[in-house]
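# Inside the fold
For reference, the chains in residue letters:
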Amino acid sequence: MSKKIDVKMLFNGLQSQMTAQLNTNRDFIEHPGSKGDALENAWIEWLRKYLPNRYSVDKAIVIDHEGNTSHQIDIVIYDNWFTPFIFSQNGFHYIPAEGVYAVFEVKPDLKGSVKNEKTGKSQTYIEYAGDKIESVRVLKRTSTKMINSGADVPARPLTKILGGILTSTNDIKRISTIENHLKSLTGFKTIDFGCVADYGSFYVDYDGEEDISLKDISNFDKRYFDYYNTRTYKEVSFSKPENSLVTFFMQLTRYLQQAIGTVPAINLQIYLDKIGEDIDEEI
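What you are looking at is a predicted structure, and each value in this text was computed from that prediction instead of being measured. (Residues numbered from 1 in each chain as written. Predicted model: local features only at pLDDT ≥ 70, side-chain atom pairs only at ≥ 80, totals over all residues. Heavy atoms only, no water.)

Right, let's get into the overall build of the chain. A tally of helices and strands in the chain yields 7 helices and 13 strands. For 283 residues, the compact-globule estimate of 2.2 N^0.38 gives 19 Å, and the chain sits close to it at 20 Å. Expressed as lengths along the three principal axes of its C-alpha atoms, the size of the chain is roughly 65 × 55 × 40 Å. Taken over 283 residues, the chain has a buried fraction of 46%. Contacts in the chain between residues far apart in sequence, at least 24 positions, make up 72% of those at least 6 positions apart. Approximately 15100 Å² of the chain is accessible, and the part contributed by carbon and sulfur atoms is 50%. (Helix = DSSP H or I, 4+ residues; strand = E, 2+ residues; numbered from the N terminus. Rg over C-alpha atoms; globule rule 2.2 N^0.38 Å. Buried < 20%, exposed > 50% of the residue type's maximum accessible area, 1.4 Å probe, protein only. Contact = heavy atoms within 4.5 Å. Areas by Shrake-Rupley, 256 points an atom, 1.4 Å probe, with all protein chains shown as cover.)

In structure tokens:
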């Protein structure tokens, strides 16, 4: 009989590897910009390694068919099956909003502040992450029918775009302070979950349901907008520090595979309208 493998030890090994990589980047790279890039790359490499191949992970700007753009996003998890084009220019990716599953802001610490470029006012890293997430969620997305097993499938409603924050450590002393920062985010700014490598992963519960009775394609924007604009903060739950990365990864995978599934099929004609061309739908 073959020897059993201790799954807990495998998870502990995974946790140790990623924590060591993040801590090395944080402790030995002094330049703020370089340190930020190194941390982002560490998270990206880790997600690429463990997520199924159907998901792509990159730094990117998200765009819609009207030419609107998001802020620069540290980590975008996006579809590479049903999203047929990714624009690349000067080494940077521009990803159609229809293909986006999740976006994350990366910081070295959960505690910290940054100046808002528009208002000039200081805001916490959590608030800053909320602004980044909002800039993606407000973009206009299309949806159209697709073929599944040889049969026409109607256009599906817009899927949720997950938003979160990833950090190496947390110097916020009180959970209540973290809660207050999360509570301050409303509408499209709200954070779903995140991970602090040496402190714990977390997810946020909200009160509010999506109105699934709105099934006509003309109501998809309303259904999606109303969901975010009416949900309210309920509570936040943290994992044990020693399980932070494993629980974050499992939560992310659960969201992707069991809550979202597949992003809606992109309406290619709406994009081609911008250059005055047509798709032959009879082919």
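Still more to cover.
Along the chain, the position of Arg223 falls in helix α5 (residues 220-230). Other than its neighbours up to four places away in sequence, Arg223 contacts Pro157, Glu210, Asp211, Ile212, Leu214 and Lys215.

With that settled, consider the pattern of salt bridges. Scanning the entire structure with this criterion turns up 14 salt bridges. A salt bridge links Arg137 to Asp192; the shortest N-O distance between them is 2.7 Å. Note that Arg137 is positioned in helix α3 (residues 125-137) and Asp192 in the loop between α4 (175-183) and β11 (193-196), a separation of 55 residues in sequence. A relative accessible area of 5% means that Asp192 is categorised as buried. Among the salt bridges present, the one from Glu210 reaches Lys160, with a minimum N-O distance of 3.1 Å. Here Lys160 lies in the loop between β9 (151-153) and β10 (162-169) and Glu210 lies in the loop between β12 (200-207) and α5, a separation of 50 residues in the sequence. A relative accessible area of 29% places Lys160 in the partly exposed class. (Salt bridge = Lys/Arg side-chain N within 4 Å of Asp/Glu carboxyl O.)

A separate point is the nonpolar core. Core analysis: the biggest nonpolar cluster contains 36 residues, and Val76, Val100, Val103, Leu182 and Ile191 have the highest contact counts within it. Listing elements by their share of this core, those giving two or more residues are β1 (55-63), β2 (69-79), β5 (100-109), α3, α4, β12, α5 and β13 (232-238). Looking at this core element by element, the count peaks at 5 residues for α3. Setting aside anything within four residues of it in sequence, one finds Val100 in contact with Val62, Val76, Ile77, Tyr78, Ile95, Val136, Ile161 and Val263. Ranked by size, the runner-up nonpolar core spans 29 residues in total, among them Ala102, Val106, Leu162 and Phe193. (Core = buried A, V, L, I, M, F, W, Y, C linked by side-chain atoms within 4.5 Å.)

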